[in-house]
Amino acid sequence: QSKLQKEVQARAAKDQCQRSVQDLKDMMKEQTSGKTQLRLLPEIFLCQQHLRNQTHAHESMVHELIHAIDMCRTKMDPLNNCVQLACTEIRAENLSGECNWMRELG
C-alpha cells in the first residue's frame, strides 16, 4: 500500500462528520508549527446532519466534485494560496447551481 492509501484508510476510519472547530484549529496549529503538512486527500464527505434535502445533497456533491476536477487538472494548492482557494470556490458555487439569487431572499 502507498502512503496515500494508508492516509485515506486512516481518515476513513475516523468519524469525519463529528470534527469540531477546535479539531480544525489544532490541525492548522500543527501545520503552522511545522509538525505536519496539511494536504487534500482524494475523498469527499457529505455529513447527513448538514444536508437539508436531496437537492442540497446533490448540489453539495457537484460542488465538491468540481473542486476534485480543479485539483486533478491543475497544480492548485488552495490550502496555502488564497487566490487559488477563491478561484475554485467561485467556480464550484457557480457551476454547481448553488449560486442562485433566490437563496439570498430566503
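Residues numbered from 1 in each chain as written. Predicted model: local features only at pLDDT ≥ 70, side-chain atom pairs only at ≥ 80, totals over all residues. Heavy atoms only, no water.

1. Focus: the overall build of the chain
A tally of regular secondary structure across the chain gives 5 helices and 0 strands. The C-alpha extent of the chain, read off along each of the three principal axes, is 45 × 30 × 30 Å. Put simply, the chain has 106 residues, and 17% of those count as buried. Contacts in the chain between residues at least 24 apart in sequence constitute 57% of all its contacts with a sequence separation of at least 6. With the model as given, the accessible surface of the chain reaches about 8400 Å², and the carbon-plus-sulfur share is 56%. Computed over 14 positive and 14 negative side-chain charges, the inter-centroid distance for the chain is 7 Å. (Helix = DSSP H or I, 4+ residues; strand = E, 2+ residues; numbered from the N terminus. Buried < 20%, exposed > 50% of the residue type's maximum accessible area, 1.4 Å probe, protein only. Contact = heavy atoms within 4.5 Å. Areas by Shrake-Rupley, 256 points an atom, 1.4 Å probe, with all protein chains shown as cover. Lys, Arg positive; Asp, Glu negative; His and termini not counted. Charge placed at Lys NZ, Arg CZ, Asp CG, Glu CD.)

2. A few points about the pattern of salt bridges
Scanning the model with the defined rule gives 2 salt bridges in all. Asp70 is paired through a salt bridge with Arg73; the nearest N and O atoms lie 3.6 Å apart. You can see Asp70 and its partner Arg73 sitting in helix H3 (residues 54-73), 3 residues apart, about one turn around the helix. Since its relative accessible area comes to 0%, Asp70 is described here as buried. Taking the relative accessible area as the measure of exposure, Arg73 reaches 53% and is therefore exposed. Between Asp70 and Arg91 there is a salt bridge whose closest N-O contact spans 2.8 Å. In this pair, Asp70 is assigned in helix H3 and Arg91 in helix H4 (residues 82-96), connecting sequence segments 21 residues apart. Connected through salt bridges with shared partners, the residues Asp70, Arg73 and Arg91 form a single ionic network. (Salt bridge = Lys/Arg side-chain N within 4 Å of Asp/Glu carboxyl O.)

3. What about the confidence of the model for the chain?
Taken over all residues, the pLDDT of the chain has a mean of 82, while the share at 70 or more is 92%. Put simply, helix H5 (residues 101-105) is where the chain has its lowest mean pLDDT, 73, and H4 is where it has its highest, 92. (pLDDT = per-residue confidence, 0-100.)

4. Some thoughts on a nonpolar patch on the surface
Residues Ile44, Leu46, Met61 and Leu65 make up a contiguous nonpolar surface patch of about 280 Å² in total accessible area. Position of Leu46 relative to the elements: it lies in the loop between helix H2 (21-33) and H3. When its relative accessible area of 31% is taken as the criterion, Leu46 is described as partly exposed. (Patch = residues over 30% accessible without salt bridge, like charges linked within 9 Å, V, L, I, M, F, W, Y side chains within 5 Å.)

5. Regarding the environment of Asn81
By the element assignment, Asn81 lies in the loop between H3 and H4. Here Asn81 falls in the partly exposed class, since its relative accessible area comes to 29%. Engagement of the side chain of Asn81 in a polar contact is seen with the backbone nitrogen of Gln84, the distance being 3.1 Å. (Polar contact = N/O pair within 3.5 Å; in protein donor to acceptor, adjacent residues only side chain to side chain.)

6. What to know about H3
The end-to-end C-alpha distance of H3 is 29 Å, a good match for the 28 Å that 20 residues give at a rise of 1.5 Å each. All of the buried residues in H3 are His56, Glu59, Ser60, His63, Ile66, His67 and Asp70. One face of H3 carries all of its buried residues, which in axial projection span an arc of 115 degrees. Among the exposed residues of H3, those pointing more than 90 degrees away from its buried face are Gln54, His58, Cys72 and Arg73. (Expected span 1.5 Å × (residues − 1). Arc of directions from axis to C-beta.)

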